[in-house]
Amino acid sequence: MERTSELYQTYVRILQEELIPAMGCTEPIAIAYAAAKARQVLGCMPQEVRIGVSNNIIKNVKSVIVPNTGGMKGIEAAAAAGVVGGCADKVLEVISEVTDEQKAEMRRFLEHTPVRVETVDNGQIFDITVRLCAGEETALVRIAQYHTNIVRIEKNGAVLLEKPVEEHQAACGHEGAAAAEDGLSGRGMMSIAGILDFADTCDIADIRAVLDTQIQYNTLISEEGLLGDYGANIGSTMLKFYGDDVRNRAIAKAAAGSDARMSGCELPVVINSGSGNQGITVSVPVIEYAKALAVPRDRLYRALAVSNLVAIHEKSGIGRLSAYCGAVSAGCAAGCGIAYLQGAGYEAIAHTLVNSLAIVSGIICDGAKPSCAAKIASSVEAGIMGYHMYLNGQQFRAGDGIVTKGVENTIRNVSQLGREGMRETDKEIVKIMLQN
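The paragraphs below set out a description of the structure included in this document. (Residues numbered from 1 in each chain as written. Predicted model: local features only at pLDDT ≥ 70, side-chain atom pairs only at ≥ 80, totals over all residues. Heavy atoms only, no water.)

Regarding helix α9 (residues 246-262)
Item 1. The end-to-end C-alpha distance of α9, which contains 17 residues, comes to 24 Å, matching closely the 24 Å that a straight helix rising 1.5 Å per residue would cover.
Item 2. Across the 17 residues that make up α9, a large majority, 14, are buried. (Helix = DSSP H or I, 4+ residues; strand = E, 2+ residues; numbered from the N terminus. Expected span 1.5 Å × (residues − 1). Buried < 20%, exposed > 50% of the residue type's maximum accessible area, 1.4 Å probe, protein only.)

Right, here's the structure in full:
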């Protein structure tokens, strides 16, 4: 692939747009970011907070600990963290520099300041509005479509920033697909063949910086997950009962990173498709296999380009948030990256992806919480099994359930399942969660 071509530059931009640092589960952090920005606009501490969020935000914030809050959970805690201790200029690392005094102040803020939360349906799966009031002074910030996309800012009713937010035809270019995301490079140009061509030929200098950060951050949090007592300790359970060969280490370390992250660990991660869990899942297993295989560093970079881009390609037709578990896309993509490390070409990687998607595409997303680590373990295991099936001359064939002829067609089927078929499932999940 020519470095000067539009397609090459699109793949580089996609990696730069998606592989960004975040501390904490990204949905509560997006609330904290909106709240910190609104506090910046207001210019003083608010006397009242009003928050409007879409159903999927409720689902992904309800059960996860917000880091740097002293163990608090929920929308109110995320907003308080942003108002009291947030630095909006740090975006998804907005509450990474909170002091102990600010942690105590967050609790006092929630005790004395009315915080009202309501669900909103403005036609966006991802939608957050934070309005702060102090006497006659007001400030509003709205984030929509994806975690860092501020689309409206108001001060005392005057509009300071406004970007149109519309439901567009699919980024992946087929009827009824997920809405395009304003300001991001077109995902409709992506394909498995194109991803592999890019990975084979790219100048490593164009992708090294984002991948070095991903390797550093995501390795550290996975190691912390194994050392500490986080969540359900899925990673350490894997190693205790299933051994410590490279396959189990790859699965366990990915799960351990999620164990830590879902339980309030204050280490940052590099995300993928807006998710820290997905960022950990696409990278840590590939890094672990690269160590075991002693491959050159450049080969690891190229394999990570494959795993990251395959996951983004899968998610582009589903959308940022869905009842379809994002760990599935990431775990299956990790299988492709592991295959690439070992010299696999297009045929092997296409079969790896189809095989693994056939195994785990039924896993639901019921929000961010400790069980995400177990879903990651299952998805990475499926990704590795998908490759081993290919090596053993086995495959799932067209007509086996949602599998059809051609990897791109199977990806489209899975996209339709996650985006359209699971809409009602998503509503029921939220309804059930709100009853608990």
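Some details on the pairing of strand β6 (residues 150-155)
Item 1. The pairing of strand β5 (residues 137-144) with β6 spans five bridges and is antiparallel. Looking across to β6, one finds that L140 is bridged to E154.
Item 2. Turn length for the β5-β6 hairpin, with the two strands adjacent in sequence and antiparallel, is five residues, and the turn residue Q145 shows positive phi of about 80°.
Item 3. The pairing of β6 with strand β7 (residues 158-162) spans four bridges and is antiparallel. Bridge pairing links I153 to L161 in β7.
Item 4. Between β6 and the antiparallel strand that follows it, β7, lie two residues; N156 among them carries a positive phi value of about 55°. (Pairing = 2+ DSSP bridges.)

Describing helix α5 (residues 100-112)
For an α-helix, the turn length of 3.6 residues means that residues three or four places apart are oriented alike.
Item 1. The end-to-end C-alpha separation of α5 is 19 Å, in line with the 18 Å expected for 13 residues at 1.5 Å each.
Item 2. Regarding α5, the residues found buried are K103, M106 and F109. Each buried residue of α5 lies within a common arc of 115° when the element is viewed along its axis, so the set occupies one face. Turned more than 90 degrees away from the buried face of α5, the exposed residues are D100, E101, E111 and H112.
Item 3. Tucked inside the fold, the buried residues of α5 contact β2 (48-53) and α4 (75-85). (Arc of directions from axis to C-beta. Contact = heavy atoms within 4.5 Å.)

Focus: the environment of E27
Item 1. Structurally, the position occupied by E27 is in helix α2 (residues 26-42).
Item 2. Looking at E27, the relative accessible area reads 4%, which means it is buried.
Item 3. Not counting residues up to four positions away in its chain, the partners in contact with E27 are I57, N60, V61, F126, I128, H147, G274 and L321.

Quick word on the sheet that holds strand β4 (residues 127-134)
Two modes of strand pairing occur in sheets, parallel and antiparallel, and in both the strands are linked by backbone hydrogen bonds.
Item 1. One open sheet accounts for six strands, arranged β3-β2-β4-β5-β6-β7; its pairing is mixed. Edge strands, defined here as strands with exactly one partner in the open sheet, are β3 (115-119) and β7. For this sheet, the mean angle separating the axes of adjacent strands, direction not counted, is 10°.
Item 2. Here α2 sits on the sheet and contacts β2, β4, β5, β6 and β7; the angle it forms with β4, its principal contact strand, is near 35°. (Axes fitted to C-alpha atoms, helices over the stretch in contact; angles between N-to-C directions.)

Topic: a nonpolar patch on the surface
Item 1. A cluster of nonpolar side chains, I359, M385 and F396, forms an exposed patch at the surface whose accessible area comes to about 230 Å².
Item 2. You can see F396 is positioned in the loop between α14 (372-391) and α15 (407-421).
Item 3. For F396, a relative accessible area of 30% puts it in the partly exposed group. (Patch = residues over 30% accessible without salt bridge, like charges linked within 9 Å, V, L, I, M, F, W, Y side chains within 5 Å. Areas by Shrake-Rupley, 256 points an atom, 1.4 Å probe, with all protein chains shown as cover. Salt bridge = Lys/Arg side-chain N within 4 Å of Asp/Glu carboxyl O.)

Here's the deal with the packing of aromatic side chains
Item 1. Scanning the entire structure with this criterion turns up two aromatic pairs.
Item 2. Measuring from centroid to centroid gives 5.3 Å for Y11 and F198, while their planes differ by 40°, and the two rings are tilted. Highlighted residues: Y11 in helix α1 (residues 6-18) and F198 in helix α6 (residues 192-201), separated in sequence by 187 residues. Residues Y11 and F198 agree in their burial class; the two are buried. (Phe/Tyr/Trp six-rings, centres within 6.5 Å; stacked < 30°, edge-to-face > 60°.)

What about the pattern of salt bridges?
Item 1. Scanning all chains against the criterion turns up 26 salt bridges.
Item 2. Of the charged contacts in the structure, one is a salt bridge between R187 and E17, with a shortest N-O distance of 2.8 Å. Linking R187 in the loop between β7 and α6 with E17 in helix α1, this pair joins segments that are 170 residues apart in sequence.
Item 3. One continuous salt-bridge network, built from bridges that share partners, spans E17, E18, R187 and R320.

Digging into the environment of G276
Item 1. On the secondary structure map, G276 appears in helix α10 (residues 276-293).
Item 2. In the structure, G276 is positioned 44 residues away from A232 in sequence and 18 Å away in space, judged by C-alpha atoms.
Item 3. Setting aside residues no more than four positions away along its own chain, G276 makes contact with T26, R261, V269 and I271.

Keep in mind that these numbers describe shape and distance, not what the molecule does.
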